[in-house]
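What follows is each chain in one-letter form.
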Amino acid sequence: MTMRSNHAHPDGLDPEAMDHPLFQATIRPHQSLSREGFRMVMWACCLVSAVVSVKMMQAGFWPVAGFFGLDMLALFIALKVSFRRGRSFEEVMISPIAVLLTRVTHRGERHEWRSNPIWTKLTRVEDEEYGLQTLTLVSRREQVVVARDASPPERAVIADGLTRALERAKKGY
C-alpha cells in the first residue's frame, strides 16, 4: 500500500502553486510633471502673466489682465485634474487558473474582469508608424482593453509578457 500526502497531485502538479501568478503588472498613466514641477510651471506662468498684464494695463488694454487671470485659473484646474487622474491604475494578473484585470479609477471605483486562461486570447491592433495601439483580452464573447494608459512601446512589452503567460497557462503548469 502506497501512501500519498494530501497535497500531492496524481500528475505531479503542486496545488499550492496553481494560484501563483505567471504574469503580474500594474499599469499607471504617465505623469510627466512632478509636484515640484507643477509649482515651478505655475510660478513661471503666473510671473509671465503678471508682467504681460501690467504692460497691457499701462497700454490701456485693461481687459487683457482679466483674461490672463482666467487662463491661469484654467491651467491650474487642468493640471489638478491631470494629477487626480494619475491616481488611476490597472492590475493584470495571469495564473494557471485565472486571468484577472482590475481597473481602479481616480475616484477609487473598482472594476474587475475575470476569465479562464484557456479560453482567453490576446488581440493586438498595430500601426506601422505609431506601434502597438490597442491590446484586448478576449474570452468567449467578452472583451476588455488592457494597458490603455501605456505608451505603444510599454504596451508592446506588456503584450509580450501576457502572450508568454497565456501560452504557459494553456500548456499546463
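Structure shown above.
Being a predicted model, the structure only gives us computed values, none of them experimental. (Residues numbered from 1 in each chain as written. Predicted model: local features only at pLDDT ≥ 70, side-chain atom pairs only at ≥ 80, totals over all residues. Heavy atoms only, no water.)

Asks: Sorry if this is basic, but what is going on with the overall build of the chain here?
Replies: Scanning the chain from N- to C-terminus turns up 3 helices and 7 strands. In the chain, the succession of α and β elements from N to C terminus is β-α-α-β-β-β-β-β-β-α. Put simply, the chain has 173 residues, and 32% of those count as buried. Long-range pairs, those at least 24 residues apart, make up 52% of the contacts in the chain between residues at least 6 apart in sequence. A total of about 12100 Å² of accessible surface is found on the chain, and carbon and sulfur atoms cover 57% of it. (Helix = DSSP H or I, 4+ residues; strand = E, 2+ residues; numbered from the N terminus. Buried < 20%, exposed > 50% of the residue type's maximum accessible area, 1.4 Å probe, protein only. Contact = heavy atoms within 4.5 Å. Areas by Shrake-Rupley, 256 points an atom, 1.4 Å probe, with all protein chains shown as cover.)

Asks: In this structure, what is going on with the sheet that holds strand 7 (residues 142–146)? I would like to understand it.
Replies: Taken in spatial order, the 3 strands make up an open sheet running 5-6-7, and their pairing is antiparallel. The sheet terminates laterally at strand 5 (120–127) and strand 7, the two strands that pair on one side only. Taken pair by pair, the neighbouring strands of this sheet meet at an average axis angle of 25°, ignoring direction. Bridge count for strand 5 against strand 6 (residues 131–139) is 8 bridges, and the pairing is antiparallel. Bridging across to strand 6, Val-125 finds its partner in Thr-134. Across the sheet, helix 3 (residues 152–171) is in contact with strand 5, strand 6 and strand 7; its angle to strand 6 comes to roughly 30°. (Pairing = 2+ DSSP bridges. Axes fitted to C-alpha atoms, helices over the stretch in contact; angles between N-to-C directions.)

Asks: How should the nonpolar core be read in this particular structure?
Replies: Nonpolar side chains in soluble globular proteins tend to end up buried together. Phe-23, Leu-135, Leu-137, Val-146, Ile-158 and Leu-162 are the most contacted members of the largest nonpolar core, which has 23 residues in total. Breaking this core down by element, the ones donating at least two residues are strand 1 (23–27), strand 2 (89–94), strand 3 (99–104), strand 6, strand 7 and helix 3. Examining the composition of this core, we find that 6 residues originate from one element, helix 3, more than from any other. Ignoring sequence-local partners within four residues, the contact set of Phe-23 consists of Val-92, Met-93, Ile-94, Ile-158, Gly-161, Leu-162 and Ala-165. (Core = buried A, V, L, I, M, F, W, Y, C linked by side-chain atoms within 4.5 Å.)

Asks: Can you help me understand the packing of helix 1 (residues 35–58) against helix 2 (residues 63–85) in this one?
Replies: Axis angle and axis distance: for two packed helices, these are the angle between their axes and the distance between the axes, and together they describe the pair. Between helix 1 and helix 2, the shortest axis-to-axis distance is 9 Å and the interhelical angle comes to 170°. Considering the angle they form, helix 1 stands roughly antiparallel to helix 2. Packed against helix 1, whose contacting residues are Arg-35, Phe-38, Val-41, Met-42, Cys-45, Cys-46, Ser-49, Val-52, Ser-53, Met-56 and Met-57, the element helix 2 presents Val-64, Ala-65, Phe-68, Met-72, Leu-75, Phe-76, Leu-79, Lys-80 and Phe-83 at the interface. Within the contact of helix 1 with helix 2, the residues separate by chemical class into 16 nonpolar, 2 polar and 2 charged. (Parallel < 35°, antiparallel > 145°, perpendicular 65-115°, else oblique. Nonpolar A, V, L, I, M, F, W, Y, C, P; charged D, E, K, R; others polar.)

Asks: Any chance you could explain the environment of Phe-67 here in plain terms?
Replies: With respect to the helices and strands, Phe-67 occurs in helix 2. Sequence separation of Phe-67 and Ser-53 is 14 residues, and the distance between their C-alpha atoms is 9.0 Å.

Asks: How should the environment of Leu-137 be read in this particular structure?
Replies: Of note, Leu-137 is situated in strand 6. Residue classification places Leu-137 among the buried positions, given a relative accessible area of 0%. Residues Leu-137 and Leu-122 lie 15 residues apart in sequence; the distance between their C-alpha atoms is 4.8 Å.

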